[in-house]
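Structural overview for review
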Amino acid sequence: MDLIYKPILYLHIAVGFISLFIFWMPILTKKGRKAHRVWGRWYVRGMAVVVSTALLLSILLVFKQDFGRALFLALLSFLSGQATWAGYAVLNHKTERSGSYKNIDLTFNSILFTLAIGLIILFFTYMQISVFLIFGIIGLIAGFQGINQYRKGTQQPWLLVHLSSLLFSGAA
């Protein structure tokens, strides 16, 4: 198992570190210019690798029967993945969000909400790891807000979604 797990973990850490550096480049460049867009795309690509490797690691942790860490890592990957996706995808849906955009967003938020409930249940079952409760609550709130926004049919201004989502993904 370690022959698969460790290389994925090292890739996850390396690309995560690089993405953390790249995160600042679009912030420091003039908005709307080519450099901003190019650095932004590289950040999104890096986060796609980080999120994908986190999900793979989470699946491998299930096979190792480390369910707490697997659930925690899955929740973190969906928190980061949803925020990165929303911040990038909204650029193609500035005025009206399409049905596919809304459905993908609902799927992300529903999975996030479900994982958060699982993490909170895990915390109350074992009462050991308080970070499970903290991130469970964060995931619960984020997932609920996304689901509620879908249910009400409301949409935030595109610039607010872009900035808040990508800043959150950089923090996560």
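In what follows, the structure referred to is the one given above.
The structure reproduced in this document is the subject of the present report. Here the structure is a predicted model, which means the values were calculated and not measured.

Taken N-terminus to C-terminus, the directions of helix α3 (residues 67-89) and helix α4 (residues 99-126) make an angle of 155°; their axes are 9 Å apart at the nearest point. The pairing of α3 with α4 is recorded here as roughly antiparallel in orientation. Crossing geometry of α3 relative to α4 is assigned as left-handed. For the contact of α3 with α4, the per-class residue count stands at 19 nonpolar, five polar and one charged.

Before going further, it helps to spend a moment on the pattern of salt bridges. Tallying each qualifying case throughout the model produces two salt bridges. One salt bridge in this structure joins Asp66 and Arg69, with 3.3 Å as the shortest N-O distance. On the basis of relative accessible area, Asp66 is assigned to the partly exposed category, the value being 24%.

Right, let's get into α4. For α4, built from 28 residues, the straight-helix expectation of 40 Å at 1.5 Å per residue is met to within 8% by its first-to-last C-alpha distance of 41 Å. Of the residues making up α4, those classed as buried are Tyr101, Asp105, Phe108, Asn109, Leu112, Leu115, Ala116, Leu119, Ile120, Leu122 and Phe123. Considering only its buried residues, α4 is in contact with α3, α5 (130-152) and α6 (158-171).

Conventions used here
- Residues numbered from 1 in each chain as written.
- Predicted model: local features only at pLDDT ≥ 70, side-chain atom pairs only at ≥ 80, totals over all residues.
- Heavy atoms only, no water.
- Axes fitted to C-alpha atoms, helices over the stretch in contact; angles between N-to-C directions.
- Helix = DSSP H or I, 4+ residues; strand = E, 2+ residues; numbered from the N terminus.
- Parallel < 35°, antiparallel > 145°, perpendicular 65-115°, else oblique.
- Left-handed = near helix turned anticlockwise from the far one by under 90°.
- Nonpolar A, V, L, I, M, F, W, Y, C, P; charged D, E, K, R; others polar.
- Salt bridge = Lys/Arg side-chain N within 4 Å of Asp/Glu carboxyl O.
- Buried < 20%, exposed > 50% of the residue type's maximum accessible area, 1.4 Å probe, protein only.
- Expected span 1.5 Å × (residues − 1).
- Contact = heavy atoms within 4.5 Å.

So far we have only geometry, and geometry alone does not tell us how the molecule works.
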